[in-house]
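Structural characterization, general
Residue-level listing of the chains:
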Amino acid sequence: MHSFSCKCLIAAIAAVSAIAGSADGQSAIAFTRHVREATRTGQARFIQRMPSEQVLQIDVVLNLSDPAGLEAFLADVYNPLSPMYRRFVTVSEFTRRFGPTAADYQAVVGYLKAYGFEVVGGTRDGMDVQARGPISAVENAFHVNMGTYQHPTENRVFYGPDREPTIDLPFALWHVSGLDNYSIPHPKVVKRSDYAQAHGIEASEVVSHATTGSGPSASFLGSDMRAAYYGVTGSSALTGAGQNLGLFEFVGTDLADLNTYFANVHQTNNVPVTLLSTDGTSTSCVYRRQRCDDTEQTLDMTQAIGMAPGLASLVMYVGSTDTAIVSAMTTHSPLPTTIGCSWGWTPADPSTLDPYFKKMAAQGQTFFVASGDDSTWTKTGNAEAWPGDDAYIVSVGGTDLVTASAGGAWRSETAWADSGGGISPDKIAIPSWQQYPGVITSANKGSTVYRNGPDVSANANFTFYVCADQTTCTANEYGGTSFAAPMWAAYVALVNQKAGAPVGFINPTIYSQNSSSSTTYAADFHDIVSGTSGKNSAVTGYDLVTGWGSPNGAALVNSLAQ
C-alpha cells in the first residue's frame with residue numbers, strides 16, 4: 001500500500017514533528033466536534049473496527065489565522081456608516097489577511113504525506129487539504145479508532161471515530177470532514193404523493209386551489225416566479241447579466257433533463273452551465289444506468305435560470321463533503337456571488353462551515369439555504385434545521401403563491417403548510433441583526449436568545465413543472481423550499497447587476513431596513529400574514545414560517561442595491 005518502508009515513514013513523521021515542534025509535546029486538537037452523540041453515549045451499538053486497508057477520502061480544514069480580525073472586518077464591511085461598507089476582499093486578500101499561513105498549510109500537507117496519505121486536492125486559499133489513505137493512516141495520523149456502528153434511528157450501519165481527533169502539530173485544525181457517514185445528505189424537495197401518504201390524505205386534497213402557471217396543466221415555471229416576484233419587462237429589465245451563480249449539490253445531474261425542460265416549455269436557455277467536481281465526485285447522474293435521481297439538481301437550475309435568464313454563468317459544485325464543496329465555492333474563478341443550497345444534513349458540529357460562511361460574507365457572496373419541508377425545526381430527522389439555522393446564511397422558507405394569470409403578476413400568498421422554521425434547535429446564538437427592536441415579538445413567538453428562521457420565503461407548494469431522471473416530466477407534483485432557495489439566489493443576482501457590484505450577505509440589510517420602517521417593508525416585501533406550519537403561524541411582520549415574506553417586485557432590488 002505504501003511506497004516507502006516503515007523506517008522511512010517513521011523518519012518522515014519525525015521530520016515533520018521536528019519542523020512543527022510542539023513545545024509541550026502534546027497533540028493539538030481540532031476546534032470542532034467529530035464524534036457523534038450516539039457514539040459517545042453508546043446509543044449507537046459498536047459493531048467492529050473498520051478494516052485497516054479500507055481507503056477513506058478526507059478533507060482537512062485549517063483554522064483561520066485571525067478570526068478576531070475577520071469579525072471586526074465583517075462588522076465594518078456591513079455597516080452603512082463605515083467607510084469600509086461593501087468594500088469586500090478578493091480571494092487572495094482574504095487568505096493574506098485571515099486565512100491559514102503558508103507555513104501551517106505546508107505543515108499539514110507534509111504531515112498527511114508522512115502518514116501515508118495521498119494529497120488529492122484542496123488549496124491554501126480554500127483552507128483545506130483533500131487527502132486519500134487507508135484507515136490505518138487515519139487512525140495513526142489522528143489518534144482515533146475507526147469503527148462501524150448500528151445507526152440508532154435508521155436501518156443501516158455507519159462508520160465513525162471513537163474519540164476526537166488529535167494531531168502532532170503545534171497548532172489546531174478546524175475540522176476533518178469525511179470521518180463519518182452518520183448523516184446522509186438529502187435534497188429538500190418533496191413529492192405531493194409522498195406528502196399525502198405521510199399525512200393520511202388523498203393527493204388531490206394537498207393543493208386546495210387551481211394553479212395559475214404558464215406550464216403544462218397550469219404548473220409554474222421558473223419564468224413565472226420571475227413574473228410574480230420581479231415583474232419588470234422590456235429593455236429596462238434586469239436579467240442577471242454579468243453575474244455568476246453557484247448551486248451546492250451532493251449529486252451530479254444529466255443536462256439532458258435541463259434541455260428537455262426548456263424544449264417542452266418552448267423557451268431557450270442562454271445561460272452557460274458548468275458541472276464542477278470539487279473533490280473527484282462524479283458530476284454524472286443518469287437514472288437509467290446509475291439509478292441516480294437528479295430531480296433536485298435540475299429544478300435548482302430551472303428556478304435560477306427562470307429568475308435570472310441572462311446570467312453570465314451557472315456552476316453546479318458537486319462533492320461528497322460539505323467543506324470540499326464550500327471551499328471550492330469560495331475560491332473558484334469566476335467567483336459565484338450568489339449561491340443556492342437545497343440540501344439538508346446533520347453535521348457532527350453545526351459550526352463546521354462557519355469559517356467558510358464568514359469568508360463568503362467577507363468576499364461579497366450570499367448563501368441561500370432552503371429552510372426545509374417538514375414544518376417546525378428539529379435537531380435531527382426529517383425536520384432537521386441545519387444548515388438553515390446557521391447564523392451566516394439566508395434561510396428561505398416556503399409559501400403558497402397565486403398569480404393573477406398564467407405567467408402573470410403576484411396576486412396573493414399564504415404560508416406553505418410545511419415551511420421549515422422556528423428557533424434554532426442547534427442552539428445557535430441569535431445574530432445581532434435579529435436583535436433590532438420589532439423583529440422578535442410576542443406575536444411571532446421567536447427567541448431572543450437563539451437564531452430564528454427563516455429569513456425570507458417564496459413559493460414552495462406542489463405547483464411546479466419538473467423534468468428529471470430522463471422520464472416523463474411532471475406538473476404540480478413536486479414542491480418544497482428547494483424551489484425557493486435557488487430562486488432567491490437568482491433574484492439577488494438581479495440586485496448585484498443593479499448595484500454594479502456584489503451586495504454580499506443581505507440579512508444585516510433586510511433586518512435593519514424593514515424592522516425600522518413599515519413604509520420600506522410594505523414596498524420591499526409581500527408580508528405573508530395567514531397560514532400555519534407546525535407550531536408556528538404567519539403574522540404581520542417577521543415570523544417563523546415565512547420570515548419577512550417574498551420579494552415585492554423591483555422595489556426590493558432597488559432597496560438592496562442602494
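The structure reproduced in this document is the subject of the present report. (Residues numbered from 1 in each chain as written. Predicted model: local features only at pLDDT ≥ 70, side-chain atom pairs only at ≥ 80, totals over all residues. Heavy atoms only, no water.)

Comments concerning helix α14 (residues 481-499)
When the terminal C-alpha atoms of α14 are compared, their 27 Å separation across 19 residues agrees well with the 27 Å that a helix rising 1.5 Å per residue should span. Along α14, 16 of the 19 residues are buried, which leaves the element largely enclosed by surrounding structure. Just beyond α14, the residue with positive phi is G500, at close to 80 degrees. (Helix = DSSP H or I, 4+ residues; strand = E, 2+ residues; numbered from the N terminus. Expected span 1.5 Å × (residues − 1). Buried < 20%, exposed > 50% of the residue type's maximum accessible area, 1.4 Å probe, protein only.)

Section: the pattern of salt bridges
Per the stated rule, a full pass over the model turns up eight salt bridges. One salt bridge connects D180 with R36, and the closest N-O pair in it is separated by 3.1 Å. On the criterion of sequence distance, the pair formed by D180 in the loop between β9 (173-177) and β10 (186-187) and R36 in the loop between β1 (28-29) and α2 (37-41) is long-range, its members being 144 residues apart. Like R36, D180 is buried. (Salt bridge = Lys/Arg side-chain N within 4 Å of Asp/Glu carboxyl O.)

Let's talk about the sheet that holds strand β2 (residues 46-49)
Reading across from one edge, β2-β6-β7 is the order of the three strands in this open sheet, with antiparallel pairing throughout. Strands with a single pairing partner mark the edges of an open sheet, and in this sheet they are β2 and β7 (157-161). Across the sheet, the axes of successive neighbouring strands diverge by a mean angle of 30 degrees, strand direction being ignored. (Pairing = 2+ DSSP bridges. Axes fitted to C-alpha atoms, helices over the stretch in contact; angles between N-to-C directions.)

A few points about the state of the cysteines
For the structure shown, the criterion picks out two disulfides. Each disulfide pairs two cysteine sulfurs, and for C285 the partner residue is C292, the sulfurs being separated by 2.0 Å. Its torsion about the S-S bond being -105 degrees, the disulfide of C285 and C292 is classed as left-handed. The buried category is assigned to C285, whose relative accessible area is 0%. (Disulfide = S-S within 2.5 Å.)

Quick look at the environment of Q365
Mapped onto the elements of the fold, Q365 is located in the loop between α13 (354-362) and β17 (366-370). Classification of Q365 as buried rests on a relative accessible area of 2%. Sequence-wise, Q365 and F220 are 145 residues apart; in three dimensions their C-alpha atoms are separated by 28 Å. Setting aside anything within four residues of it in sequence, one finds Q365 in contact with M329, T330, L335, P336, T337, I339, M360, G504 and F505. A polar side-chain atom of Q365 sits 2.9 Å from the main-chain carbonyl oxygen of M329. (Contact = heavy atoms within 4.5 Å. Polar contact = N/O pair within 3.5 Å; in protein donor to acceptor, adjacent residues only side chain to side chain.)

Some remarks on the packing of aromatic side chains
Applying the stated rule across the entire model yields 33 aromatic pairs. Aromatic pair Y78 and F505: ring centres 6.4 Å apart, planes at 85 degrees, arrangement edge-to-face. Taken together, the residues span a long stretch of sequence, with Y78 in the loop between α3 (67-77) and α4 (91-98) and F505 in the loop between α14 and α15 (507-516) at a distance of 427 residues. Just as Y78 is buried, F505 falls in that class too. Among the aromatic residues, those joined into a cluster by ring pairs are Y78, F88, F368, W433, W488, Y491, F505, Y511, Y521, F525, Y542 and W548. (Phe/Tyr/Trp six-rings, centres within 6.5 Å; stacked < 30°, edge-to-face > 60°.)

A few points about the side chain of T330
Examined against the element boundaries, T330 turns out to sit in the loop between α12 (322-329) and β15 (338-341). Setting aside residues up to four positions removed in sequence, T330 forms contacts with V91, L335, Y356, K359, M360, Q363 and Q365.

Describing the environment of G504
By the secondary structure assignment, G504 is in the loop between α14 and α15. Sequence separation between G504 and Q365 is 139 residues; the distance between their C-alpha atoms is 4.8 Å. Not counting residues up to four positions away in its chain, the partners in contact with G504 are Y78, F88, G364, Q365 and T366.

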